Amino acid sequence: MADLSINVDGMQFENPFVIGSGPPGTNARVISRCFDAGWGGVIAKTTSLTDTPVVNLAPRYAKYYNADKDVIGFQNVELISDRPFEDWEADFRLLKEKYPKKMLIASLMESYDKGRWQELTERSAACGVDGFELNFSCPHGHPETGMGAAMGQNPDMVREVTSWVVEACDIPVWSKMTPNITDIATPAQAAREGGAHGVSAINTILAVTGVNLKTLRPLPTIADGSIPGGYSGQAVKPIALRMVKEICMAMPGYSVSGIGGVWNSDHAIEFLLMGANTVQVCTGAMLLGYDMVQDLCSGLSDFMDEHGFTSVDQVVGRSLPYFSTHHDLVDRQNAARQAKAEARKASNRDNLWGNANIQDETASLTTNED
Ligand SMILES: Cc1cc2nc3c(=O)[nH]c(=O)nc-3n(C[C@H](O)[C@H](O)[C@H](O)COP(=O)(O)O)c2cc1C
């Protein structure tokens, strides 16, 4: 097995695969299962101070199927953790005691209030967590009260709130970006200006999974109604890769945790190649189980051996130089066509025969060569 370890912002991950904030990180019991299965880190389910109102709906998910009935997308209208923050403090302490080498990152969300953000930060840091992820991206429910994506869509707020958290702790801070915005690099740059060590991207994309054609009720249907919710799973991967690429190209060398639709090791490697230095998985772990990390690790190891990479750092961002602009590709295409035409013209001269193998020279002048 290749060496999959990577140091990110001072956090030492045994592999770059991290559980994204959500149900697989919702209490110490499930987080322990993730660590036992081999995940390098876990972002805990987003927490807030105990008096922050959080009332979840049930049911709260809808699956999006293709014609073969495979799940290709997943919608949720789940809020952040409904557990008292005191329970989280106990869980953080317990987990760090039991798994000192695994990276445990607390995900925080609060209202626009410096004192509340700093209290949440200081109390979580005191429990020994390794880093923070700031949830500026929950797309449903909380934005109605000015939290989550309501902050993430406002770069000034992202900068300011990030700076409150950075001021209140001395461990790494990642700000989590919403994809429900025109240019994701703008809030990512604001997070960096606020002192964030890195950003995570993406949270879920606002969506309506479908409509029940018998009842005319949109999906998911809850209490005879519905709300647009956060879309995740395989279908979002192309959008997530594009957004990670945009952040990585806007801020070369900056730490980015890539998220969105990872189902297998190929998908995870694609995020590394786009410039992410860790890869988070939430829906994949919910639908395939915690053990999927074993495929992620063996697939990355095989890929590194095949290409001669000896560290994960060497994979990070490796495909970015191939991106260009449309006009540059047009110029390159024209130059390649011109070079080919000139080569054809040159090979048409009788005094050039004999510079190569005669069968190849014959083939180059043949119109129906296989
Ligand atoms: C059921 C569910 C609950 C989620 N809860 C949170 C949350 O509490 N905090 C957060 O930052 N992201 C949350 N997310 C978003 C995920 O962490 C992730 O950004 C998103 O789902 C895309 O990745 P995926 O396709 O691997 O799930 C949740 C996602 C799902 C599916």
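Residues numbered from 1 in each chain as written. Predicted model: local features only at pLDDT ≥ 70, side-chain atom pairs only at ≥ 80, totals over all residues.

## Here's the deal with the overall build of the chain
Here is step 1 of the chain: When helices and strands are tallied, the chain shows 13 helices and 16 strands.
Here is step 2 of the chain: Projected onto its principal axes, the C-alpha coordinates of the chain cover approximately 90 × 55 × 40 Å.
Here is step 3 of the chain: Looking at the 370 residues of the chain, the share that counts as buried comes to 44%.
Here is step 4 of the chain: Sequence separation of 24 or more characterises 72% of the internal contacts of the chain that already satisfy a separation of 6 or more. (Helix = DSSP H or I, 4+ residues; strand = E, 2+ residues; numbered from the N terminus. Buried ≥ 20, exposed ≤ 12 C-beta atoms within 10 Å, placed from the backbone. Contact = placed C-beta atoms within 7 Å.)

## Observations concerning the site of the ligand
Here is step 1 of the chain: Every one of the 27 residues lining the ligand counts as a neighbour, but Gly20, Gly22, Ser232, Cys282 and Thr283 are closest to it.
Here is step 2 of the chain: When contributions to the shell around the ligand are tallied by element, the ones reaching two or more residues are strand 6 (71-76) and helix 9 (283-288).
Here is step 3 of the chain: Among the residues making up the shell around the ligand, the classes are represented as nine nonpolar, 15 polar and three charged. (Near = placed C-beta within 6 Å. Nonpolar A, V, L, I, M, F, W, Y, C, P; charged D, E, K, R; others polar.)

## Overview of the pairing of strand 7 (residues 103-108)
Here is step 1 of the chain: Counting buried positions along strand 7 gives six out of six residues, so the element sits mostly inside the fold.
Here is step 2 of the chain: Here strand 7 shows two buried faces, one formed by Met103, Ile105 and Ser107 and the other by Leu104, Ala106 and Leu108.
Here is step 3 of the chain: Sheet topology places strand 4 (residues 41-43) next to strand 7; three bridges connect them, and they run parallel. Looking at the pairing, Ile43 lines up with Ile105 of strand 7.
Here is step 4 of the chain: As judged from the four bridges shared by strand 7 and strand 8 (residues 131-135), these two strands associate in the parallel manner. The residue bridging Ala106 from the neighbouring strand is Phe132, located in strand 8. (Pairing = 2+ DSSP bridges.)

## A short note on the sheet that holds strand 5 (residues 61-65)
Here is step 1 of the chain: Here we have four strands laid out as an open sheet, ordered 5-6-14-11, and antiparallel in their pairing. Every other strand in the sheet has two partners, leaving strand 5 and strand 11 (205-207) as the edge strands with one partner each. Strand-to-strand twist of the sheet, defined as the mean angle between neighbouring strand axes without regard to direction, takes the value 35°.
Here is step 2 of the chain: One ladder, built from three bridges, connects strand 6 with strand 14 (residues 229-232); its direction is antiparallel. Looking across to strand 14, one finds that Phe74 is bridged to Ser232. (Axes fitted to C-alpha atoms, helices over the stretch in contact; angles between N-to-C directions.)

## A closer look at the pairing of strand 9 (residues 173-176)
Regular strands place their side chains on alternate faces of the sheet.
Here is step 1 of the chain: Neither face of strand 9 is exposed, since Val173 and Ser175 on one face and Trp174 and Lys176 on the opposite face are all buried.
Here is step 2 of the chain: With three bridges joining them, strand 9 and strand 10 (residues 198-201) adopt parallel strand pairing. Paired with Trp174 across the two strands is Gly198, which belongs to strand 10.
Here is step 3 of the chain: Where the polypeptide runs from strand 9 across helix 6 (residues 185-193) and back to strand 10, its parallel neighbour, the crossover connection is right-handed. (Right-handed = clockwise from strand over helix to strand, strands pointing away.)

## Here's the deal with helix 3 (residues 114-125)
Here is step 1 of the chain: For helix 3, with twelve residues, the first-to-last C-alpha span of 16 Å sits near the 16 Å given by 1.5 Å per residue.
Here is step 2 of the chain: Along helix 3, the positions that sit buried rather than exposed are Trp117, Leu120, Thr121 and Ser124. Angular distribution of buried residues about the axis of helix 3 spans 95°; they occupy a single face of the element. Every exposed residue of helix 3 that faces more than 90 degrees away from the buried side is listed here: Gly115 and Glu122.
Here is step 3 of the chain: In this structure, the buried residues of helix 3 make contact with helix 2 (85-98), strand 7, strand 8 and helix 5 (155-167). (Expected span 1.5 Å × (residues − 1). Arc of directions from axis to C-beta.)

## Observations regarding the nonpolar core
If you look at soluble globular proteins, the nonpolar side chains tend to sit buried side by side.
Here is step 1 of the chain: In terms of nonpolar packing, the biggest core is built from 86 residues, with Val42, Ala201, Val244 and Leu272 touching the most fellow members.
Here is step 2 of the chain: Non-local contacts of Ala201, meaning those with residues more than four positions away in its chain, are made with Met177, Ile184, Met243, Val244, Ile247, Val256, Gly258 and Ile259. (Core = buried A, V, L, I, M, F, W, Y, C linked by C-beta atoms within 7 Å.)

## What about helix 6?
Here is step 1 of the chain: For helix 6, the complete set of buried residues consists of Pro187, Ala188, Ala190, Ala191 and Arg192.
Here is step 2 of the chain: Residues of helix 6 that are buried make contact with helix 4 (149-152), helix 5, strand 9, strand 10 and helix 7 (237-250).
Here is step 3 of the chain: Phi turns positive, to about 105°, at Gly195, one or two residues after helix 6.

## Topic: the environment of Cys138
Here is step 1 of the chain: With respect to the helices, strands and loops of the structure, Cys138 is situated in the loop between strand 8 and helix 4.
Here is step 2 of the chain: Expressed as a C-alpha distance, the spacing of Cys138 and Ser324, which sit 186 residues apart in the sequence, is 32 Å.
Here is step 3 of the chain: Not counting residues within four places of it along the chain, the set of residues in contact with Cys138 comprises Thr46, Ile80, Met109, Gly148, Ala149 and Asn203.

## Notes on the environment of Met1
Here is step 1 of the chain: In this structure, Met1 sits in the segment before strand 1 (6-8).
Here is step 2 of the chain: For Met1, a count of 11 C-beta atoms within 10 Å translates into the label exposed.
Here is step 3 of the chain: Placed 206 residues apart in sequence, Met1 and Ala207 show a C-alpha to C-alpha distance of 40 Å.

## Focus on the packing of helix 8 (residues 265-273) against helix 10 (residues 292-307)
Here is step 1 of the chain: Relative orientation of the contacting elements helix 8 and helix 10 amounts to 60°, with a least axis distance of 8 Å. When the axes of helix 8 and helix 10 are compared, the pair comes out oblique. Crossing angle aside, the handedness with which helix 8 passes helix 10 is right-handed. Contact with helix 8, carried on its side by Ser265, Asp266, Ala268 and Ile269, involves Asp295, Leu296, Gly299, Leu300 and Phe303 of helix 10 and no other residues of that element.
Here is step 2 of the chain: Partitioning the contact of helix 8 with helix 10 into residue classes produces five nonpolar, two polar and two charged. (Parallel < 35°, antiparallel > 145°, perpendicular 65-115°, else oblique. Left-handed = near helix turned anticlockwise from the far one by under 90°.)

## Thoughts on unusual backbone geometry
Here is step 1 of the chain: With an omega dihedral of -5°, the bond running from Ala58 to Pro59 counts as a cis peptide bond.
Here is step 2 of the chain: Among the structural elements, Pro59 can be located in the loop between strand 4 and strand 5.
Here is step 3 of the chain: For the peptide bond that leads from Ala201 to Ile202, omega is 15°, which places it in the cis range.
Here is step 4 of the chain: Positionally, Ile202 belongs in the loop between strand 10 and strand 11.
Here is step 5 of the chain: Phi at Asp224 is positive, roughly 70°, even though this residue is not glycine.
Here is step 6 of the chain: Tracing the chain through its elements places Asp224 in the loop between strand 13 (218-219) and strand 14.

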